Amino acid sequence: MRARAALLTLLGAAAVVSPAAAEPIFLARQYARCTTCHYSPTGGGLLTPYGRSLTREELSTMRGKSHGQAGATGPAQGEEGFLFGALGDTLGPVSVGIDLRPGHLDVRFPGGDDKRDLLMNADIAAAYQGHRWTVYGELGRQPFATGTRVDSWEHWLQYQTAGGLGIRAGRFLPAYGIRFADHTAFNRRPLGLDTLDQVYGLELSSSTDRHLLQVMASPGRADSIVHDDGRKAFNASGRFQYDVSPRTVLVASGLYRDKSDLEPSGGSGGLALGFALFRRLTIWTQGDVQFEKGSAGAAYVLVNETSFEAFRGVWLKVSPQWITDFGDTSGGTFRLALEANLLPRTHWNLDLSHYHDRGRSNGIVVKTTLLQLHLYL
């Protein structure tokens, strides 16, 4: 029964992955802020015109052709543009992107296995940016055990002053720690930051060349507010990032959730350190402590991700991860994740991940292999 429960958890996590997840590996290229490439201050989602240009100029194995210019305020043109630049500059200040993720999942557990083909994401996102305002929205499908659901998972409005002060309101994921491009969100699920744990909230931010501060308050998870599932509760979070150098970043985060009809109050706090020894190597480590009212003790999450670019556009990753149970540091799960991330050409991303999960108290082993093609148009 425990092996079956582990299998169902992995299947659910692998089937519901975040669209266009952020890639902290690019700290090696001196990109320390999510907004260098993404519209969202918390990373992931639609790429900015500059982010699209970087996929061709800096990140892909084959550069291709471009008729645009990195850093242009309008939509990216040329091969890296929307629909491979077929629309040119007809969209004006509006950026549009389509995200498709077909994949194959293979899970092996004691006494059996499970193999299936999945369309994990099919989303469209659009953004307008001008006069210091940003309007952002996504619409797409997500597969669930009860069927496929089409919804807008993220939509918000933001204003940024010339002095670096910002305000954002809408539906988004709270800013917390490092948003690793782990397609199962293994280390974020225990913190209540799974790929669909967006909130309806208000975020204030302050940004300079060396630091980024983000503070959020919310009446609860977006789905809990909309569907009244009994988990609606006040949320508050804070994240502070200090750029020690262009390739060294320190992040401190905190999260609090009040009690709901179904869950006790609780929260988490954590520290993360990322550094790049040279242009092809990035190392991130994050540790979090969780607390929950009524629990015998704290729970802990520890993640390391070491990424090496073996060849231009070919990244190899090793990530040991520990998750403990509340009040039992000997329980929980140890995961060793191995990943090959290939970026052959702008718009194309092929990813092969293998997860080796072992229960620390019962020794049960579940092995998961996920092959996915990420096509962003």
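Values in this document were obtained by computation on a predicted structure and should not be read as measured data.

**Quick notes on the overall build of the chain**
Then step 1. Check the secondary structure of the chain and you find three helices and 17 strands.
Then step 2. Per-residue burial for the chain yields a buried fraction of 50% across its 377 residues.
Then step 3. Surface exposure of the chain reaches about 16400 Å², of which carbon and sulfur atoms provide 61%.

**Focus on the pattern of salt bridges**
Then step 1. The final tally for this structure, using the stated rule, is 20 salt bridges.
Then step 2. Asp151 is paired through a salt bridge with Arg149; the nearest N and O atoms lie 2.8 Å apart.
Then step 3. Salt bridges sharing partners connect three or more residues here, namely Arg29, Glu58, Arg279, Arg280 and Glu309.

**A short note on the packing of aromatic side chains**
Then step 1. All told, the structure shown has four aromatic pairs when counted by the stated rule.
Then step 2. A centroid spacing of 5.2 Å and a plane angle of 50° characterise the contact between Trp322 and Phe334, whose relative ring orientation is tilted. Within this pair, whereas Trp322 is found in strand E14 (residues 314–325), its partner Phe334 is found in strand E15 (residues 328–345), the two being separated by 12 residues in sequence.
Then step 3. Exposure remark for Trp322: the relative accessible area of 33% places this residue in the partly exposed category.
Then step 4. It is Arg168 that lies over the ring of Trp156; its NZ or CZ is 4.9 Å from the centre.
Then step 5. In this structure, Arg335 packs its charged tip against the face of Phe186, placed 4.0 Å from the ring centre.

**Some points on the nonpolar core**
Then step 1. Within the largest apolar cluster, 15 residues are counted, with the highest numbers of intra-cluster contacts made by Ile178 and Trp284.
Then step 2. Only strand E10 (248–257) and strand E13 (299–311) provide two or more residues apiece to this core.
Then step 3. For this core, the leading source of residues is E10, giving three residues.
Then step 4. Apart from residues no more than four positions distant in its own chain, Ile178 is found in contact with Pro24, Arg188, Arg239, Val251, Ala272, Trp284 and Gln286.
Then step 5. Core analysis: the next-biggest nonpolar cluster, separate from the first, contains 12 residues, Ile25, Ala28, Ala276 and Tyr376 among them.

**What about the side chain of Thr42?**
Then step 1. Structurally, Thr42 is set in the loop between helix H1 (2–15) and helix H2 (49–59).
Then step 2. Judged by its relative accessible area of 10%, Thr42 is buried.
Then step 3. Here the side chain of Thr42 touches Ser40 through a polar contact of 3.0 Å, side chain to side chain.
Then step 4. Once residues lying within four places of it in the same chain are set aside, the contact partners of Thr42 are Cys34, Arg168, Leu173, Pro174, Ala175, Arg179, Glu203 and Gln214.

**A few points about the environment of Asp261**
Then step 1. Turning to its location among the elements, Asp261 is positioned in the loop between E10 and strand E11 (266–278).
Then step 2. Taking the relative accessible area as the measure of exposure, Asp261 reaches 72% and is therefore exposed.
Then step 3. Sequence separation between Asp261 and Gly230 is 31 residues, and the spatial gap between their C-alpha atoms is 5.2 Å.

**Some words on the pairing of strand E2 (residues 112–130)**
Then step 1. As defined by bridge partners, strand E1 (residues 94–109) adjoins E2 across 16 bridges and the pair is classed as antiparallel. Pairing of Gly103 across the sheet is with Leu118, part of E2.
Then step 2. What sits between the antiparallel neighbours E1 and E2 is a turn of two residues, in which Gly111 has the positive phi angle 95°.

**A closer look at unusual backbone geometry**
Then step 1. With a phi close to 70°, Gln30 is a non-glycine residue in the positive phi region.
Then step 2. Mapped onto the elements, Gln30 comes out in the loop between H1 and H2.
Then step 3. In this structure, His131 takes a positive phi of about 55° despite not being glycine.
Then step 4. Residue placement: His131 occurs in the loop between E2 and strand E3 (133–144).

**Some words on H2**
Three- or four-residue spacings in an α-helix give side chains the same orientation, since the helix completes a turn every 3.6 residues.
Then step 1. H2 sits mainly inside the fold: eight of its 11 residues count as buried.
Then step 2. Every buried residue belonging to H2 is among Pro49, Gly51, Arg52, Ser53, Leu54, Thr55, Arg56 and Leu59, and all of these are buried.
Then step 3. Here the buried face of H2 lies against E1, E15 and strand E17 (365–376).

**A word on a nonpolar patch on the surface**
Then step 1. There is a patch of nonpolar side chains on the surface, built from Leu213, Val215, Phe240, Tyr242, Val244, Leu250 and Leu273 and spanning about 540 Å² of accessible area.
Then step 2. Here the element with the most residues in the nonpolar patch is strand E9 (residues 235–245); it accounts for three residues.
Then step 3. Here Tyr242 is to be found in strand E9.

Rules behind the numbers
- Residues numbered from 1 in each chain as written.
- Predicted model: local features only at pLDDT ≥ 70, side-chain atom pairs only at ≥ 80, totals over all residues.
- Heavy atoms only, no water.
- Helix = DSSP H or I, 4+ residues; strand = E, 2+ residues; numbered from the N terminus.
- Buried < 20%, exposed > 50% of the residue type's maximum accessible area, 1.4 Å probe, protein only.
- Areas by Shrake-Rupley, 256 points an atom, 1.4 Å probe, with all protein chains shown as cover.
- Salt bridge = Lys/Arg side-chain N within 4 Å of Asp/Glu carboxyl O.
- Phe/Tyr/Trp six-rings, centres within 6.5 Å; stacked < 30°, edge-to-face > 60°.
- Lys NZ or Arg CZ within 6 Å of the ring centre and 35° of its normal.
- Core = buried A, V, L, I, M, F, W, Y, C linked by side-chain atoms within 4.5 Å.
- Contact = heavy atoms within 4.5 Å.
- Polar contact = N/O pair within 3.5 Å; in protein donor to acceptor, adjacent residues only side chain to side chain.
- Pairing = 2+ DSSP bridges.
- Patch = residues over 30% accessible without salt bridge, like charges linked within 9 Å, V, L, I, M, F, W, Y side chains within 5 Å.

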